[in-house]
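# Descriptive analysis of the structure
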Amino acid sequence: MSIMSYNGGAVMAMRGKDCVAIASDRRFGVQAQMVTTDFQKIFPMGDRLYIGLAGLATDVQTVSQRLKFRLNLYELKEGRQIKPKTFMSMVSNLLYERRFGPYYIEPVIAGLDPKTFEPFICSLDLIGCPMVTEDFVVSGTCAEQMYGMCESLWEPDMERQAFEMTCPVSRIIEFDRMSTTVDSKWDSKGIISKDGRCGNNTASSKSMI
Amino acid sequence: MFLTCFKKEKKQKNIACIILLLFPWKDGVVLGADTRATEGMVVADKNCSKIHYISPNIYCCGAGTAADTEMTTQIISSNLELHSLSTGRLPRVATANRMLKQMLFRYQGYIGAALVLGGVDCLGPHLYSIYPHGSTDKLPYVTMGSGSLAAMAVFEDRYKPDMEEEEAKQLVRDAIAAGIFNDLGSGSNIDVCVITKGKVDYLRPHDEPNKKGTRAGSYRYKQGTTGILTKAVTPLDLEVVEETVQTMDTS
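It should be emphasised that the depicted structure is a prediction, and the values quoted were computed from it without experimental measurement.

Parameters at a glance
- Residues numbered from 1 in each chain as written.
- Chains lettered and ligands numbered in written order.
- Predicted model: local features only at pLDDT ≥ 70, side-chain atom pairs only at ≥ 80, totals over all residues.
- Heavy atoms only, no water.
- Helix = DSSP H or I, 4+ residues; strand = E, 2+ residues; numbered from the N terminus.
- Contact = heavy atoms within 4.5 Å.
- Areas by Shrake-Rupley, 256 points an atom, 1.4 Å probe, with all protein chains shown as cover.
- Buried < 20%, exposed > 50% of the residue type's maximum accessible area, 1.4 Å probe, protein only.
- Polar contact = N/O pair within 3.5 Å; in protein donor to acceptor, adjacent residues only side chain to side chain.
- Axes fitted to C-alpha atoms, helices over the stretch in contact; angles between N-to-C directions.
- Left-handed = near helix turned anticlockwise from the far one by under 90°.
- Nonpolar A, V, L, I, M, F, W, Y, C, P; charged D, E, K, R; others polar.
- pLDDT = per-residue confidence, 0-100.
- Patch = residues over 30% accessible without salt bridge, like charges linked within 9 Å, V, L, I, M, F, W, Y side chains within 5 Å.
- Salt bridge = Lys/Arg side-chain N within 4 Å of Asp/Glu carboxyl O.
- Pairing = 2+ DSSP bridges.
- Core = buried A, V, L, I, M, F, W, Y, C linked by side-chain atoms within 4.5 Å.
- 1 Å grid on protein atoms, 1.4 Å probe; cavity = no way out; pocket = protein on both sides within 12 Å on 5 of 7 lines; lining within 4 Å.
- Points joined across faces, edges and corners; volume = space filled by probe spheres on them.

### Some points on the overall build of chain A
A tally of helices and strands in chain A yields 4 helices and 12 strands. Of all intrachain contacts in chain A linking residues separated by at least 6 positions in sequence, the fraction that spans at least 24 positions is 63%. Accessible surface, chain A as shown: approximately 8000 Å² in total, 50% of it carbon and sulfur.

### Thoughts on the overall build of chain B
Looking only at helices and strands, chain B has 4 helices and 13 strands in total. In chain B, 61% of the contacts between residues at least 6 apart in sequence involve partners at least 24 apart. When the accessible area of chain B is evaluated, it comes to approximately 13200 Å², of which 53% is carbon and sulfur surface.

### Focus on the side chain of Glu155(A)
Assignment of secondary structure puts Glu155(A) in the loop between helix H3 (143-153) and helix H4 (160-177). Among the residues examined, Glu155(A) registers a relative accessible area of 18% and is labelled buried. A polar contact is formed between the side chain of Glu155(A) and the side chain of Arg220(B), at a distance of 2.8 Å. In this structure Glu155(A) touches Arg215(B) and Arg220(B), once residues within four positions along its chain are discounted.

### Quick look at the packing of helix H3 (residues 148-158) of chain B against helix H4 (residues 165-182) of chain B
Residue and element names in this part refer to chain B. Two elements in contact, H3 and H4, have axes whose closest approach is 7 Å; the angle formed by their N-to-C orientations is 145°. For H3 against H4, the interelement crossing comes out right-handed. Residue-level contacts link Ala 150, Ala 151, Val 154, Phe 155 and Arg 158 of H3 to Gln 170, Leu 171, Val 172, Asp 174, Ala 175, Ala 178 and Gly 179 of H4. Class assignment of the residues belonging to the contact of H3 with H4 gives a composition of 8 nonpolar, 2 polar and 2 charged.

### Details of the confidence of the model for chain A
Residue and element names in this part refer to chain A. For chain A, mean pLDDT is 82; residues scoring 70 or higher make up 76% of the total. Segment residues 176-186 is flagged for pLDDT under 50; beyond a separation of four residues in sequence, or across chains, it makes 59 contacts in the model. Below pLDDT 50 for its whole length, residues 203-209 participates in 17 contacts with residues either more than four positions away or in separate chains.

### Observations concerning a nonpolar patch on the surface
All names here are of chain A. A surface patch of nonpolar side chains, amounting to about 350 Å² of accessible area, comprises Phe 69, Leu 73 and Leu 76. With respect to the secondary-structure elements, Phe 69 resides in helix H1 (residues 57-78). Under the relative-accessibility criterion, Phe 69 is labelled exposed at 56%.

### Some points on the sheet that holds strand S8 (residues 119-124) of chain A
Residue and element names in this part refer to chain A. Across the sheet, 5 strands lie side by side as S5-S6-S7-S8-S9; this open sheet has antiparallel pairing. Across the chains shown, the open sheet's two edge strands, defined by having one partner strand only, are strand S5 (42-46) and strand S9 (130-132). Between one strand and the next, the sheet's axes are offset by a mean angle of 20°, whatever the strand orientation. Of the strand pairs in this sheet, strand S7 (residues 105-112) and S8 are connected by 5 bridges, and their pairing is antiparallel. By the bridge assignment, Gly 111 is partnered in S8 with Phe 120. Where H1 meets the sheet, its contacts fall on S5, strand S6 (49-55) and S7, and the angle it forms with S5 comes to roughly 5°.

### Regarding the nonpolar core
Ranked by internal contacts, the top residues of the largest apolar core, which has 28 residues, are Ala13(A), Ile22(A), Phe136(A), Val138(A) and Tyr147(A). When contributions to this core are tallied by element, the ones reaching two or more residues are strand S1 (10-16), strand S2 (19-25), S6, S7, strand S10 (136-140) and H3 of chain A together with strand S4 (42-45) of chain B. Considering each element in turn, this core owes the most residues, 5 residues, to S1(A). Among residues more than four places away in sequence, those in contact with Ala13(A) are Ala21(A), Ile22(A), Val108(A), Ala110(A), Ile121(A), Phe136(A) and Val137(A).

### What about the sheet that holds strand S5 (residues 51-55) of chain B?
Residue and element names in this part refer to chain B. In space, the 5 strands of this open sheet follow the order S5-S6-S7-S8-S9, with antiparallel pairing throughout. Looking along the sheet, the strands with just one partner apiece sit at the ends: S5 and strand S9 (136-138). This sheet shows a mean twist of 25° between the axes of neighbouring strands, independent of strand direction. Where strand S8 (residues 124-130) and S9 come together, 3 bridges link them in antiparallel fashion.

### Observations regarding unusual backbone geometry
Cis geometry marks the peptide bond from Arg204(B) to Pro205(B); its omega dihedral reads 0°. For Pro205(B), the position within the fold is in strand S12 (residues 199-207). Look at Phe117(A): it is not a glycine, yet its phi comes out positive at around 60°. As for its placement among the helices and strands, Phe117(A) is situated in the loop between S7 and S8.

### Overview of the confidence of the model for chain B
Atom-level detail of predicted coordinates should not be read off regions where pLDDT is low. Residues and elements named next belong to chain B. The pLDDT averaged across chain B works out to 85; a share of 89% of its residues lies at or above 70. With pLDDT under 50 throughout, residues 1-19 is counted as low confidence; its partners more than four residues away or in other chains account for 86 contacts. Listed scores for the predicted complex are pTM 0.86 and ipTM 0.85.

### Things to note about empty space enclosed by the protein
Residues and elements named next belong to chain A. The final tally for this structure, using the stated rule, is 2 cavities of 30 Å³ or more. Volume-wise, the largest cavity comes out at about 50 Å³. Lining the largest cavity are Met 45, Gly 46, Arg 48, Leu 49, Glu 75, Gln 81, Ile 82, Leu 112 and Pro 114. A class-by-class count of the residues in the lining of the largest cavity yields 5 nonpolar, 2 polar and 2 charged. In this structure, the second largest cavity occupies an estimated 40 Å³ of space. Counting residues per element, the ones that place at least two in the lining of the second largest cavity are S6 and H1. Grouping the amino acids of the lining of the second largest cavity by side-chain chemistry returns 6 nonpolar, 3 polar and 2 charged.

### Some thoughts on the layout of surface pockets
Its volume calculated, the largest pocket comes out at about 1000 Å³. Asp135(A), Glu151(A), Lys46(B), Asn47(B) and Lys212(B) are the residues nearest the centre of the largest pocket, which is lined by 31 residues in total. Elements that contribute at least two residues to the lining of the largest pocket include exactly S8, S9, S10 and H3 of chain A together with S4 of chain B.

Written out as structure tokens, the structure reads:
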């Protein structure tokens with residue numbers, strides 16, 4: 001039994017044409033036992049910046065709260081919204097501070113630059129190694145399934161509409177396959193584009209025991 | 001070779017399986033690296049950057065635990081910049097080497113950073129390899145990582161002292177390619193960094209022998225494939241950044 005699969009969960013983010021999407025499941029469970037189906041794993045860190053946290057549920061909550069604290073101080077000092085790349089460095093620093101006793105989470109960041117609206121996605125490992133990609137990032141217990149789905153479905157410069165379908169579909173499909181991330185609604189926290197953000201809530205059609 | 005040492009139940013991104021190498025040619029140093037980062041048996045990053053900036057004249061390749069190489073090089077780079085401002089001189093490679101080895105030794109090998117440090121300073125081109133426990137070697141050419149044997153084989157065959165820049169770049173490229181194709185832990189592109197007195201050529205990518213194929217069919221899903229339960233659209237205000245007023249002549 002691994003610490004990372006004790007609660008289970010998965011998040012992913014994809015990059016499209018002038019927009020990004022981030023999605024997660026909503027299951028909170030203790031090993032095989034489901035406890036809640038509305039557990040939040042994606043947190044807004046700015047108008048156009050979200051972080052999704054997969055891993056141990058207690059650390060998901062603690063890290064999001066501690067991060068928000070640091071972010072608030074940043075915004076008060078700088079007087080502006082944080083850029084996604086800077087935010088990634090902030091998360092990396094927070095996680096590496098605990099190098100030899102880490103938070104058991106693997107974050108995924110998706111957002112648009114507050115001024116240029118340039119789309120940005122990245123993921124980090126549990127000790128804060130950042131990884132910026134051009135296409136998609138995945139994290140969680142069914143990461144391998146998500147890699148497979150994303151690699152086959154993602155295309156460069158996908159328009160917003162096409163995006164809305166690709167992201168959810170790839171989530172549902174691997175959710176069905178992973179017992180620690182199924183049987184609950186999952187949350188596509190949103191397609192974030194420069195004029196607005198859109199949050200969708202969709203259901204998985206099957207359940208697996 | 002370090003992948004086996006780091007057996008852990010928690011996931012950690014390793015660049016353990018990479019090839020780093022550099023060697024001084026006539027008046028400079030050439031560093032090379034592949035671009036694959038693995039998480040267990042899965043490729044986590046297909047195009048990561050393993051050649052890290054230390055100072056304008058010194059660059060460092062990192063193998064081992066990805067976060068450790070990233071953070072260690074950043075810490076030493078920062079300290080070296082402060083040191084350089086204090087001395088008023090361009091930093092020396094030996095200084096960076098000393099700082100890195102003293103930090104790594106302090107952590108007794110728990111910081112899994114295997115580094116290959118290269119640069120050109122007032123005393124010429126230098127090349128060091130630094131191991132996670134803090135030992136260092138100063139050599140004419142080095143390789144590190146899981147693909148190091150494949151790369152070293154190419155080096156031992158074709159290396160000669162005082163090569164020209166193009167010859168050196170080609171040799172480095174071939175050595176990395178040997179690792180990319182023969183070692184499972186290395187892959188994707190070849191990054192090269194050529195450092196000479198007063199100039200740095202960071203070629204990322206220098207060569208892309210593993211371009212992704214084009215997809216034959218379209219796998220797009222129709223709108224409505226996934227049922228949406230609830231939808232909440234939040235329009236965001238766009239900040240006024242620039243306002244220009246153009247007057248119209250209505251006479």
